Amino acid sequence: MSKFIIPNPYYFSQYSHKSAYITGFIMADGNLHRKNSRYRVQIRLNKKDISVLEFIKNEIVPNHNINFFYKEREIAPIDSAFLLFEHKQITLDLLKLGIFPRKTGYEHIPSILPKEYWNSFILGYLDGDGSIKKVKRKDYFSYSITFTSASKKILEQIQSHFNIGKIYKYSKENSNV
């Protein structure tokens, strides 16, 4: 892996709205690899969402490259962009914030994250594992915001934070819930 400079290796130790957003996004759509003395952060997205990846890159590793991956498949091709870099301090700080090498189903809003940054964290999580839908009704439009997670805890935290919404359990057997 090529050498690059991380201007602020303590980016995730010094809370800001931007670092909280990126933490939420990585919790939803990123992953960490920690093996031996290697500490990697990877975020892989559909190529059409490259603007989010560019924002994250510019915040953390501005001199690093975004890479691309394309593979033909019967269902649909994989056309993705990804950011992959190694940095021990960044990885350790993300681990402290509750981001683990594999999705565990125990994801949660980090207790060490001050409440003033929760909206930014939740927005990052929404951009990673959520959607906003606009529905035309008879005389008006309605909107719904959906978060998807294997972790009931993070969904309950988001619901409690905004004091609104319902949590539905999705199963393949009953996909209309």
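Residues numbered from 1 in each chain as written. Predicted model: local features only at pLDDT ≥ 70, side-chain atom pairs only at ≥ 80, totals over all residues. Heavy atoms only, no water.

Asks: Just to check I follow, could you spell out helix 1 (residues 17–29) for this structure?
Replies: Residues lying three or four places apart along an α-helix face the same way, a consequence of the helix completing one turn every 3.6 residues. Here helix 1 spans 18 Å end to end across 13 residues, near enough to the 18 Å set by a 1.5 Å rise per residue. With ten of its 13 residues buried, helix 1 lies for the most part within the structure. Of the residues making up helix 1, those classed as buried are S19, A20, Y21, I22, T23, G24, F25, I26, M27 and A28. The inward-facing, buried residues of helix 1 abut strand 1 (30–35), strand 2 (38–46), helix 2 (50–60), helix 3 (88–96), helix 4 (118–129) and helix 5 (152–162). (Helix = DSSP H or I, 4+ residues; strand = E, 2+ residues; numbered from the N terminus. Expected span 1.5 Å × (residues − 1). Buried < 20%, exposed > 50% of the residue type's maximum accessible area, 1.4 Å probe, protein only. Contact = heavy atoms within 4.5 Å.)

Asks: Could you clarify how one ought to interpret the side chain of T91 in this entry?
Replies: Along the chain, T91 falls in helix 3. Ignoring anything within four residues of it in the chain, the contact list for T91 reads L32, Y39, R40 and V41.

Asks: Help me understand the packing of helix 1 against helix 4 in this model?
Replies: Between helix 1 and helix 4, the least distance of the axes is 6 Å, while the angle of their chain directions is 35°. Judged by the twist between their axes, the crossing of helix 1 over helix 4 is right-handed. Counted together, H17, A20, Y21, T23, G24, F25, M27, A28 and D29 of helix 1 and S120, F121, L123, G124, Y125, D127, G128 and D129 of helix 4 form the full contact between these two elements. Grouping the constituent residues of the contact of helix 1 with helix 4 by class yields eight nonpolar, six polar and three charged. (Axes fitted to C-alpha atoms, helices over the stretch in contact; angles between N-to-C directions. Left-handed = near helix turned anticlockwise from the far one by under 90°. Nonpolar A, V, L, I, M, F, W, Y, C, P; charged D, E, K, R; others polar.)

Asks: So what exactly am I meant to see when it comes to the nonpolar core here?
Replies: Inside soluble globular proteins, nonpolar side chains tend to come together where they are buried. By size, the foremost hydrophobic cluster in this structure holds 38 residues, and its most contacted members are F12, I60 and I90. Elements represented by at least two residues in this core include exactly helix 1, strand 2, helix 2, strand 4 (78–86), helix 3, helix 4 and helix 5. The element best represented in this core is helix 1, accounting for seven residues. Residues contacting I60, with those up to four places away along its chain left out, are I6, P7, Y11, F12, I22, F85 and I90. (Core = buried A, V, L, I, M, F, W, Y, C linked by side-chain atoms within 4.5 Å.)

Asks: Would you explain the pattern of salt bridges in this entry?
Replies: When the charged atoms of two side chains lie near each other, side chains of opposite charge can form a pair. Under the definition given, this model contains five salt bridges. A salt bridge links K18 to E59; the nearest nitrogen and oxygen atoms lie 3.5 Å apart. Separated by 41 residues along the polypeptide, K18 in helix 1 and E59 in helix 2 bring together distant segments of the chain. K18 gets classed as partly exposed once you look at its relative accessible area, which sits at 44%. Across the salt bridge formed by E86 and R38, the nearest N and O atoms sit 2.6 Å from each other. Note that E86 is positioned in strand 4 and R38 in strand 2, a separation of 48 residues in sequence. Judged by its relative accessible area of 39%, R38 is partly exposed. (Salt bridge = Lys/Arg side-chain N within 4 Å of Asp/Glu carboxyl O.)

Asks: How should I be thinking about the packing of helix 4 against helix 5 in this particular structure?
Replies: When two helices pack together, their arrangement is given by the angle between the helix axes and by the axis-to-axis distance. One way to put it is that helix 4 packs onto helix 5 with a least axis distance of 12 Å and a crossing angle of 130°. Between helix 4 and helix 5, the angle falls in the class oblique. Between helix 4 and helix 5 lies a crossing whose hand is left-handed. Along its contact with helix 4, which presents W118, N119, F121, I122 and Y125, the element helix 5 presents I154, Q157, I158, H161 and F162. Classifying every residue of the contact of helix 4 with helix 5 gives seven nonpolar, three polar and no charged. (Parallel < 35°, antiparallel > 145°, perpendicular 65-115°, else oblique.)

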